[in-house]
Structure formats: C-alpha cells, structure tokens
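Overview (structure and organization)
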Amino acid sequence: TLRVVFPNGLVHQIIADTCSSFSMEPDLCLFNNSSLKLKKFPYLAYKNGGGAFLIPYFTMLVLTGIPLFFLESALGQFCSQGPINLWRAVPILQGVGVAMVMVTLIVSIYYNVIIAYSLYYMFASMQFPLPWSSCSSNSSCSDTPTGAHFTSYSLQTPSEQYWDRVALQRSSGLDETGPVVWHLALCLLLSSIIVAAALIRGIKSSGKVVYFTATFPYVVIVILLIRGVTLEGARDGIEFYIGSQSNLTKLTEAEVWKDAATQTFYSLSVGWGGVMTLASYNNFHNNVFKDSFVVSLTNAGTSVFAGFAIFSILGHMAHIYKMPVGEVVKEGFGLAFIAYPDALSKLPISPLWSILFFFMLLTVGLDSQFAGIEVITTCLLDAFPKLFKSKHALLTLTTSSILYLLGLPCVTRAGIYWVTLIDQFVASWVLLFLALLEVAGVAYIYGGNRFIKDIEMMLGKKTFAFWLWWRACWFFISPCIIVVILVWSVITFVPPTYGEVPYPPWGLALGWLMILFAKPTRKSSWMEQTEASVSSCFRCFYLHQKLTFKQFSTNHFE
C-alpha cells in the first residue's frame, strides 16, 4: 500500500507496488536510451545533413519532446496509477490508456527479439577471430569489398553474410516463414528468463538492477570513443557525422523536420505508457519538473555522444576499405548488426571490443524491456488488485512467458521481416496519434488550468510567467506540430521494405491491422466509466478540495 500525504494532512490509500520514497529517474533514463534508439539517431543525423540535423532535433525537443514528457511524468506521479486507471479522469478517452498498453505489448515482443540478437552476437564474439571477420566458402561474398560491392545486391561483406545466412538464416521474404532458428529461440528464452528474474519482486528488484544498467552503457561508450578517436580515419567519420561535411541546405527540406520530430517522440518514449508507469512510483512531492529536464536532456545528449563513438570507428573502417564513409553506413538494424560489427572486427583484440559493444546493447535493451513489462503488470495490478496483489511473481512469470511465445514467429527465418513490420507501423504512426489524443485530452477536456493546479499540489505554487510557456506548448504548439507530422506522414507514405525485399500486400494489410488493434477504444457504457472514475488518484483531488460528490462530478465530468 502506498500512502500519499497531502498538504492538509489527509492520507489517501492507493494500491501500489512499492514505497512512495522510491525515485524512478535512473530507470526513466535507460528506458529512453534503449539499444534501438541509440542506433537510430546517428543514422538520421547522417541522412539529414550531419551536424545541421541538431538544429531541428533540439528545436523539436524543446517544442514537443520536453513538454509532453513533463505532461506524462506529472500525470503518472500525481495519480500513482498505470495508464489505464489514470485516464479515468477523462472517461471519453479512457481507451487511450488501453491503446498505450496494447502498443507496449506489441513493441515488447520485438524488443525481446532485439535483446536476443544482442545475446547471440555477444556469445558469438567469444572467439578469435570473430566469425564475421572473413567470408565463408561462398562466391557472393568478398573479404575486400569496393564501393561497387557494397551497393551490389549480389555481393555481400562478411558481416552482411553472417547476419543474413548465419544469425538470421533469412528467407527470401515474408511469404517464406521457414522453421524456427533455434539458436535465436534459445537466446530469446534466455532474454525472457533474465527479464522475469529482474522483475520477479516488482519495481523493488528492477530498481536495484537499473543502477548497473544505467551506468554501464556510458562506461562502454566512453571506452569505445577513446579507442575510436585513436584510429586512422576516425576524423573522417566524425566530420561526416557532425563536422565540416554538415549540409545546412537540408534545413529547407520538410522531411528533415519531420524526422527530427518523429525521433524526438520515439527517443523519449512519449505515448507508450512507460513514462507514466515509472513516474507513478515517485514520491508525491518529487520534483517532477527537474526530473523531466534531466531525463530529456540526458537522453538527447546520450544519442549525440553515442554517435561520436559509432562514427569514429566507421571512419576507420572506411579508411581500411578506401571508401567514402557514407558507403559503409547502414540504416536501422544494419548499423548495429552489420556495419559496426564489421568495423570492430578490424580492431586489435576485436573480441573484447565486440563483447563490450553487444553487452552494452544488451543492458540498455533489457532496461527498456523492464519498463515495458512493468507497464503491463502495473495495469493488471491496478485493474485487479485483489486478484494479483499477492501474486506479483506469478504475474511477471506469466507475462514473460506469453511474450516469449508471441516472439517465436520473430525468430523464424522470416522473423526479421516481422520485426521490421512492427517497427515501421506500430512504433511510429500509433505513437503520434496517442500523443495527440493525450495532450488534447489533458489540455482541452480535463482542463489545462486544472492540470496545472494538480501539478502545483505536488510542486508548490508557481508564477503565471512560469506556466505561460507550458500553456502555449500544451494548448497550441505541440498539438499543431503532431498534426502536421501525421498529415505529412500520410502524404509521403511509402510501403516499407527490408533492404530491397518488398512486403506482400497481405503483409502490409497486417501492418495496418496492428495499428487498428492498438487504436484507442471506448467502453460501451459512459456511466460505467464515470462511476469507476470516482476511484483511484482523482479521489485524492476530491478529498483535498473537500468537495461534495455532486460538486466533484459536476466539475470533472460535465
């Protein structure tokens, strides 16, 4: 039981999983710095003008990222509830909370698979030479590629061949499912076991684990950066990433601003429900304003900093191959599992650097998975407190087992196509739509001014000038930017592919069905939601203000 003490001395009992003095700031930092997000920013910077991309990226961070992250953190901390119960404040939008949990469920499936990839590569790195340092006996692979080889569909580098034919055993397309790749299935099982073991006692146990996972990735990034900048060609890689080769003319292209805004939402995990869930374990009077700035800026700084470590070593690889840096850079999974492993294989004591790199990906990926499962279990605990209160361990084991079984199609020979499909549809479109409903629901339905009063209950009174900027963002700037991004995404939509392999029509249809599966839904009875909304955190507001039930229902549900 969590006891939240209000300024007037009233005590409200809320079902929760831990004591109110626990702070989730380290976990929020790592939740927002997952392995997927660390590898995505450097590629976007390269694609959109290098250092010039920092201008739209930090602009969007200030205009949309930090305001929405602050909004979600304040909501979670004020209510001490998961995303579903939290939205009882706005009954008509309670489906937003359900949609957040559905998105987290789907994304947790493929996050688990990415962790399995990292585990497999980490184990494969424990040999010398690295297995992707040379070609196997195959005529379509070349140990000494040229620029033409990199762009040719028929010729592969050793790391490309290892990724496609050994690690994934990739089929020709989504139509050819093939059998389960058992080494990946075992790594997926190990990933599920690690996550379940860390969360078996709830947020108490994961909170201890995160102190290691929050610091270790930074240690590895610093080590890789120091090693990288001492290599020949490192300067070319860094200049290509963010230096003199920056292309300021890219700032006139709408696509660059769209990528910057989308990456801001993606990197801060806005709309997933994870921020709300982790913030719900904070002390009621915790300085959520400071935490939001620290986490947001740490996330952005880590993305930029990690890019230096990555591109310094890619510059060295380009120097060895005597190729432009742009021709060795890969998008998405190719950067983490093809280009960078290839670069590491060229270093002295290559197994050491490779183990460190993939162990770093493992730690940050695990922490994101911790948060995802915590969202699911917290919502189940909030919905059925009597049933699950004393069975948290069983609930965690069951959730991890279900995610493992749902992840098995993603470790078949067509698994990478499923992973890419989820990434392209669920982790982009739905999040933008949920973020729009979230900020509109709080600002225009629940009431932005009422929400500010709720925050002042936690933080104390602030000046009108202090709230002027946040009102501008929540009422106008952030919603308008999200609408523009959504419209632009629809206009410029191109069916996703994996490399040069297109998806069949039924595969694209499944992608849209996943979006519909995760879309916000309403319960059939408005009265059921209104009656339920009197419970949970918003009863705190009623008690604090000493309103009658009639006054409370009139003020909140008119």
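On a predicted model such as this, the values are computed, not experimentally measured, just so you know.

1. Details of the overall build of the chain
Helix and strand counts for the chain come out as 24 helices and 4 strands. Here the chain, with 558 residues, has 60% of them falling under the buried criterion. By sequence separation, contacts in the chain at least 24 residues apart represent 81% of the contacts at least 6 residues apart. As displayed, the chain offers around 21,400 Å² of accessible surface, 67% of which is attributable to carbon and sulfur atoms.

2. Remarks on the packing of aromatic side chains
In the structure shown here, the tally under the stated rule is 34 aromatic pairs. Summarising the aromatic geometry, the rings of Tyr-417 and Tyr-498 are spaced 5.6 Å apart at their centres and angled 85 degrees between planes, so their arrangement reads as edge-to-face. Of the two residues, Tyr-417 sits in helix H19 (residues 415-459) while Tyr-498 sits in strand E3 (residues 497-498), which places them 81 residues apart along the sequence. An aromatic cluster of three or more residues is present, and its members are Tyr-117, Tyr-120, Tyr-121, Trp-132, Tyr-162, Trp-163, Phe-337, Phe-357 and Phe-358. A cation sits over an aromatic face here: Arg-450 above Tyr-446, 5.5 Å from the ring centre.

3. Focus: the packing of H19 against helix H21 (residues 505-517)
Across the interface, H19 lies against H21 with an axial gap of 9 Å and an inter-helix angle of 40 degrees. As far as their axial angle goes, H21 and H19 are oblique. Of the two possible hands of crossing, H19 and H21 adopt the one that is right-handed. Counting all contacts with H19, which are made through Trp-418, Leu-421, Ile-422, Phe-425, Val-426, Trp-429 and Val-430, the residues of H21 involved are Trp-506, Gly-507, Leu-508, Leu-510, Gly-511, Trp-512, Met-514 and Ile-515. Residue composition of the contact of H19 with H21, grouped by class: 13 nonpolar, 2 polar and no charged.

4. Quick word on the UniProt feature "binding site: Na(+)" (unreviewed entry) in the chain
Under the UniProt annotation, the feature "binding site: Na(+)" (unreviewed entry) is placed at Ser-267, Asn-299, Asp-367 and Ser-368. Spatial clustering of the annotated residues is evident: they stretch over 102 residues in sequence, but the largest pairwise C-alpha distance comes to 14.0 Å. Overall, Asn-299 belongs to the buried group, its relative accessible area being 1%. For Asp-367, the location among the structural elements is in helix H16 (residues 350-383). Taking the relative accessible area as the measure of exposure, Asp-367 reaches 0% and is therefore buried.

5. Some thoughts on the nonpolar core
Nonpolar side chains in soluble globular proteins tend to end up buried together. Tyr-117, Trp-163 and Trp-474 are the most contacted members of the largest nonpolar core, which has 154 residues in total. Considering each element in turn, this core owes the most residues, 23 residues, to H19. Tyr-117 has contacts with Trp-163, Leu-168, Leu-184, Phe-337, Cys-410, Ile-416 and Val-419, leaving out every residue within four places of it along the chain.

6. Focus on unusual backbone geometry
Between Phe-128 and Pro-129 the backbone carries a cis peptide bond, its omega angle lying at -5 degrees. Structurally, Pro-129 is set in the loop between helix H5 (94-124) and helix H6 (147-151). Within the chain, Gln-169 stands out as a residue other than glycine whose phi angle is a positive 50 degrees. With respect to the helices and strands, the residue Gln-169 is situated in the loop between helix H7 (158-167) and helix H8 (182-199). Residue class for Gln-169 comes out partly exposed when judged on its relative accessible area of 27%. Even without being glycine, Ile-349 reaches a positive phi, approximately 50 degrees.

7. Digging into the environment of Phe-308
If you trace the backbone, Phe-308 turns up in helix H14 (residues 288-321). Taking the C-alpha atoms as reference, Phe-308 lies 6.7 Å from Leu-225; in sequence the two are 83 residues apart. Among residues more than four places away in sequence, those in contact with Phe-308 are Leu-225, Ile-238, Tyr-241 and Ile-242.

8. Quick word on the pattern of salt bridges
One pass over the full model with this rule turns up 3 salt bridges. In this structure, Arg-235 engages Glu-239 in a salt bridge whose closest nitrogen and oxygen atoms are separated by 3.2 Å. Of this pair, Arg-235 and Glu-239 both sit in helix H11 (residues 234-242), 4 residues apart, roughly one helical turn. Of the residues examined, Arg-235 reaches a relative accessible area of 66% and is grouped as exposed.

9. Structural notes on the packing of H8 against H16
Where H8 contacts H16, the two axes come as close as 10 Å, and the packing angle between them is 65 degrees. Regarding H8 and H16, the two cross each other, and that crossing is right-handed. Contacts from Ile-194, Val-195, Ala-198 and Leu-199 in H8 reach Leu-366, Gln-369, Phe-370, Ile-373 and Glu-374 in H16. Residue composition of the contact of H8 with H16, by class: 7 nonpolar, 1 polar and 1 charged.

10. Section: H7
In terms of residue burial, H7 counts as a mostly covered element, since 8 of its 10 residues are buried. Inspection of H7 places Pro-158, Ser-159, Glu-160, Gln-161, Tyr-162, Trp-163, Asp-164 and Ala-167 among the buried residues, and these make up the whole buried set. Among the structural elements, H5, H8, helix H15 (333-344), H19 and E3 are those in contact with the buried residues of H7.

11. Comments concerning a nonpolar patch on the surface
On the surface, Phe-123, Met-126, Leu-186, Leu-189, Leu-190 and Ile-193 cluster together into a nonpolar patch covering about 550 Å² of accessible area. If you tally residues by element for the nonpolar patch, the top one is H8, at 4 residues. On the secondary structure map, Met-126 appears in the loop between H5 and H6. Judged by its relative accessible area of 51%, Met-126 is exposed.

12. Observations concerning the environment of Gln-161
Position of Gln-161 relative to the elements: it lies in helix H7. Among the residues examined, Gln-161 registers a relative accessible area of 5% and is labelled buried. Distance from Gln-161 to Ser-134, taken between C-alpha atoms, is 9.5 Å for residues 27 residues apart in sequence.

13. Notes on H21
An ideal rise of 1.5 Å per residue puts 18 Å on 13 residues; H21 measures up with 18 Å between its terminal C-alpha atoms. Every buried residue of H21 is accounted for by Gly-507, Leu-508, Gly-511, Met-514 and Ile-515. Considered in projection along H21, the buried side chains sweep an arc of 110 degrees and stay on one side of the axis. Buried residues belonging to H21 abut H5 and H19.

Conventions adopted
- Residues numbered from 1 in each chain as written.
- Predicted model: local features only at pLDDT ≥ 70, side-chain atom pairs only at ≥ 80, totals over all residues.
- Heavy atoms only, no water.
- Helix = DSSP H or I, 4+ residues; strand = E, 2+ residues; numbered from the N terminus.
- Buried < 20%, exposed > 50% of the residue type's maximum accessible area, 1.4 Å probe, protein only.
- Contact = heavy atoms within 4.5 Å.
- Areas by Shrake-Rupley, 256 points an atom, 1.4 Å probe, with all protein chains shown as cover.
- Phe/Tyr/Trp six-rings, centres within 6.5 Å; stacked < 30°, edge-to-face > 60°.
- Lys NZ or Arg CZ within 6 Å of the ring centre and 35° of its normal.
- Axes fitted to C-alpha atoms, helices over the stretch in contact; angles between N-to-C directions.
- Parallel < 35°, antiparallel > 145°, perpendicular 65-115°, else oblique.
- Left-handed = near helix turned anticlockwise from the far one by under 90°.
- Nonpolar A, V, L, I, M, F, W, Y, C, P; charged D, E, K, R; others polar.
- UniProt positions renumbered as here; feature names shortened; annotations may be inferred.
- Core = buried A, V, L, I, M, F, W, Y, C linked by side-chain atoms within 4.5 Å.
- Salt bridge = Lys/Arg side-chain N within 4 Å of Asp/Glu carboxyl O.
- Patch = residues over 30% accessible without salt bridge, like charges linked within 9 Å, V, L, I, M, F, W, Y side chains within 5 Å.
- Expected span 1.5 Å × (residues − 1).
- Arc of directions from axis to C-beta.

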